[in-house]
Amino acid sequence: MKKIFFALFVWVSCIFAAKAQDTYEPMDTWPYKYEHFQAGNIRTTKGTLFEYKALNINLADGKLHYIENDKIMQADMGRVFTALIGDMDVYVNAGGKMYQVLGENEYGSVLKLTSVDMDELNKVDIGYGVSSSTASRTNTTLAGLGMENLNGVNMVSMTLANAENRKHTGMVLPLKERLFLNIDGKLIPANKREVMDVVDKKAAKDFFKANKIKWNKPESLVLLLPFLKEQLNK
């Protein structure tokens, strides 16, 4: 019985280890939200809907990329309104960056921006005993140290085949996620201090307490939208 239990434990551990190894992490050579470009559609600012076989989001600059003639191309962000990537992930363009929609109602929406954490990245040892921040200050060529694709510029016009071949050869990028409340295109960071700066403080305190607002829960933040809409329109 003990042998069976031990064998089962090893088998389960191997499964979890395999899954852990398969976990996708964006790299400086593949700074994308998704491990693979996915089918989806883009709605323009004029309301026209276009279907695409391959879409992705560059986390270095928040731009929307697509594949055309086997080359990575950047969407005209001045014309992009929303995008659906895969079966469920909806994004909206705000200030030239794609924010994921986590919740919405007739008053506004709760958005999430996933981006490269530059503060953490500047602490990374990029080789030769040099940190990325030190390399920047001393004019060390980051392109020679594997950082050439971080700003996303060199991904554009690269063939998908070449990009795929090197996607797992770079450095894992540190990421950060920030939540925002979107009211009529006005983005407000989803934290207590930022919200109280734009509304009546007493009314806000009463509302937070009555609704037990949890600032890290999108479903809770949705409750804030009608209150914010009313306050901002006063």
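The coordinates are above.
Residues numbered from 1 in each chain as written. Predicted model: local features only at pLDDT ≥ 70, side-chain atom pairs only at ≥ 80, totals over all residues. Heavy atoms only, no water.

Undergrad: Can you explain the overall build of the chain? Please cite residues and give values.
TA: Looking only at helices and strands, one finds eight helices and ten strands in the chain. Relative to its full complement of 234 residues, the chain shows a buried share of 39%. Once local pairs closer than 6 in sequence are excluded, the contacts in the chain between residues at least 24 apart make up 56%. Summed over all atoms, the accessible surface of the chain reaches about 13,900 Å², with 54% contributed by carbon and sulfur. (Helix = DSSP H or I, 4+ residues; strand = E, 2+ residues; numbered from the N terminus. Buried < 20%, exposed > 50% of the residue type's maximum accessible area, 1.4 Å probe, protein only. Contact = heavy atoms within 4.5 Å. Areas by Shrake-Rupley, 256 points an atom, 1.4 Å probe, with all protein chains shown as cover.)

Undergrad: With reference to specific residues and values, describe the packing of aromatic side chains.
TA: Evaluation of the coordinates by the stated rule reveals seven aromatic pairs. Between Tyr 99 and Phe 180, the aromatic rings sit 5.6 Å apart at their centres with planes inclined by 85°, giving edge-to-face as the arrangement. With Tyr 99 in strand β7 (residues 97–105) and Phe 180 in strand β9 (residues 175–183), the pair connects residues that are 81 residues apart, well separated along the chain. Here the two residues Tyr 99 and Phe 180 agree in accessibility, since each one is buried. A network of ring pairs unites the aromatic residues Trp 30, Tyr 32 and Phe 37 as a single cluster. (Phe/Tyr/Trp six-rings, centres within 6.5 Å; stacked < 30°, edge-to-face > 60°.)

Undergrad: With reference to specific residues and values, describe the pattern of salt bridges.
TA: Applying the stated criterion to the full structure yields six salt bridges. The salt bridge involving Lys 112 is made with Glu 177; its shortest N-O contact spans 3.6 Å. Of this pair, Lys 112 sits in strand β8 (residues 108–116) while Glu 177 sits in strand β9; the two residues are 65 residues apart in sequence, bridging distant segments of the chain. By relative accessible area, Lys 112 is classed as buried at 16%. Here Arg 193 and Glu 194 are joined by a salt bridge, their closest N and O atoms 3.3 Å apart. (Salt bridge = Lys/Arg side-chain N within 4 Å of Asp/Glu carboxyl O.)

Undergrad: Describe in detail the sheet that holds strand β6 (residues 89–94), supporting the description with residues and values.
TA: The antiparallel open sheet is built from ten strands, whose spatial order is β4-β3-β2-β1-β5-β6-β7-β8-β9-β10. Each end of this open sheet is capped by a strand with a single partner; those strands are β4 (71–74) and β10 (186–189). The mean inter-strand angle of the sheet, taken between neighbouring strand axes irrespective of direction, is 40°. Sheet topology places strand β2 (residues 49–57) next to strand β3 (residues 64–68); three bridges connect them, and they run antiparallel. By the bridge assignment, Ile 57 is partnered in β3 with Leu 64. Against the sheet, helix α8 (residues 224–232) makes contact with β7, β8, β9 and β10, and its axis sits at roughly 55° relative to β9, the strand it touches most. (Pairing = 2+ DSSP bridges. Axes fitted to C-alpha atoms, helices over the stretch in contact; angles between N-to-C directions.)

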